[in-house]
Every structure is written in C-alpha cells, then in structure tokens.
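As a plain string of letters, each chain reads:
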Amino acid sequence: MTTSLDDLKAPIIVIFKQIVANQIKAGNKGRCLFLYKNADITGSYRLTTYKSAVLSLDDADLERYVKQLFAGGCKVVHVLEYPSTVADVKTVMDELLPEFDWLTSVDSDAQSTIDSYADEKEKFAMVYNIQADSINVCSLSNPTAVLKLDDGTTESITGLELLPIVCGVACGCPYNMSISYKVFTELKSVEQPSTYNQGQL
C-alpha cells in the first residue's frame, strides 16, 4: 500500500489549525469598556475597573460577563453601569479615554450607539446585528448559542450574550495575529444566521 500527499492533507490542516489556536495569547493592550444597563444603581452611573477575574458580584449576570471578557484575554475590564441609555453616559466614556481599546454591551438598545461611538473615537467595538461600515466595528449576527457550564451542564444564550465571549478574545489578541482559528471551548454550539450582512462575523 502506498501513501500519497492527499492522504495526509486533512490531518495536517486540523493539526495546523490547533497549533495556531494555541499560539493566541493576550495582547499588550487588551483593555475593554463593558457598558451594562442596570436600573437598580443609585446615581446616574457607576464605574468599576477590574484587573482580575477573581471576583464575586451580587449581580450574577454581570459577574459572568466580566469573567468571560477576562477568559478571552482582556487584561483590564472597565464596567460602566447606567440606568437608562448609553447616551446618558457618553461624557463619562469620553473622560475614560484613552483607557480602553474595545467596547461592547449586551444591551440591545445600545448597539447602534456603540457602533457610532467607536467610529467617531476610532476605538474597536463588538456589536450585535449591525451592518457595520467601519474597520473599527465587528458585528455578530448569530441568533443563539449553547454555553457549556463548569458543572458540565449547558445553557442556551442569545446572540447578544455571545458578545463578551468574542469581544474578550478580540480584545486580548495581539494586533499582528488573527483569531480565525480560536477554539471556543466554553461553547457547545453556535447557531448560524441565515444570511450575513456587510461587516458581520
């Protein structure tokens, strides 16, 4: 029996992709501004900076999002909580510049505002279901996904809830590398959209 080069192609490609995925490390920047709508805060906003995923918060959803950003590769996560709209805290965002490189939010009403802000300030952003027309903005359009939890169970999440996972990886990736072959071990499956619009992942 003889072996040709064609017999080896598939395994070589799979191994190469895994090697590339393992080489993705956190970048020198990796600072994210996470905008979080919280009607329960007192005052017009609350700004908290995290430098580690070792935390325990009263808000379980916020804790999970922050930990997902760090798991992806973020080195610093600024959480800006607001009670109503992102537009109300734009001044605070401006004052925080240049202390973040990426911004994102799981607030459906904030997506177009984040898109516009990133374009205006020349920052990177991860948004949901926006037809992006800027090199600074990445848009996810996956309707749903299934998250693998630490206890072995699974949980269905929305496309919006994918944003901290993917943004964390993009934020932590060095600018001279690609996340094309990143293996998202925390996800069991991701639903693909029926169509992709310009600028959508």
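In case you missed it, the structure is sitting above this.
What counts, and at which threshold
Residues numbered from 1 in each chain as written. Predicted model: local features only at pLDDT ≥ 70, side-chain atom pairs only at ≥ 80, totals over all residues. Heavy atoms only, no water. Helix = DSSP H or I, 4+ residues; strand = E, 2+ residues; numbered from the N terminus. Polar contact = N/O pair within 3.5 Å; in protein donor to acceptor, adjacent residues only side chain to side chain. Pairing = 2+ DSSP bridges. Axes fitted to C-alpha atoms, helices over the stretch in contact; angles between N-to-C directions. Phe/Tyr/Trp six-rings, centres within 6.5 Å; stacked < 30°, edge-to-face > 60°. Buried < 20%, exposed > 50% of the residue type's maximum accessible area, 1.4 Å probe, protein only. Salt bridge = Lys/Arg side-chain N within 4 Å of Asp/Glu carboxyl O.

Draft legend 1. Just the side chain of H78, in detail. Within the element layout of this structure, H78 appears in strand β3 (residues 76–82). Polar side-chain contacts of H78 include one of 3.0 Å to the backbone oxygen of E99.

Draft legend 2. How the structure looks around the sheet that holds strand β8 (residues 154–158). One open sheet accounts for 3 strands, arranged β8-β7-β9; its pairing is antiparallel. Two strands in the sheet have a free side with no partner beyond their single neighbour: β8 and β9 (187–190). For this sheet the average axis-to-axis angle between neighbouring strands, irrespective of direction, equals 20°. Pairing between strand β7 (residues 144–148) and β9: 3 bridges, direction antiparallel. Counterpart to V146 in the pairing with β9 is S189.

Draft legend 3. Region of the structure containing the packing of aromatic side chains. All chains considered together, the criterion is met by 4 aromatic pairs. With a centroid separation of 5.7 Å and an interplanar angle of 55°, the aromatic rings of F34 and Y65 are classed as tilted. Here Y65 lies in helix α2 (residues 60–72) and F34 lies in strand β1 (residues 31–37), a separation of 31 residues in the sequence. The burial state of F34 is the same as that of Y65; both residues are buried.

Draft legend 4. Region of interest: the pattern of salt bridges. Within this structure, the stated rule accounts for 10 salt bridges. The closest approach of N and O atoms between D101 and R31, which form a salt bridge, is 2.9 Å. Here D101 is found in the loop between α3 (90–96) and β4 (102–105), whereas its partner R31 is found in strand β1, with 70 residues between them in sequence. Among the salt bridges present, the one from D94 reaches K121, with a minimum N-O distance of 3.6 Å. Here D94, found in helix α3, pairs with K121, found in helix α4 (residues 111–121); they are 27 residues apart in sequence, far enough to count as distant. By relative accessible area, D94 is classed as partly exposed at 27%. In this structure K121 comes out as partly exposed when scored by relative accessible area, which is 27%. Several salt bridges converge on common partners, so that one network encompasses K90, D94, E120 and K121.

Draft legend 5. A look at unusual backbone geometry. Of the consecutive residues L97 and P98, the connecting peptide bond is found in the cis state with omega at 0°. Assignment of secondary structure puts P98 in the loop between α3 and β4. Non-glycine residue E122 carries a positive phi angle of around 55°. Mapped onto the elements of the fold, E122 is located in the loop between α4 and β5 (124–128). On the basis of relative accessibility, which here comes to 64%, the residue E122 falls in the exposed class. The phi dihedral of N129 falls on the positive side, at around 55°, and the residue is not glycine. Here N129 lies in the loop between β5 and β6 (137–140).

What is shown is where atoms sit, not what they do.
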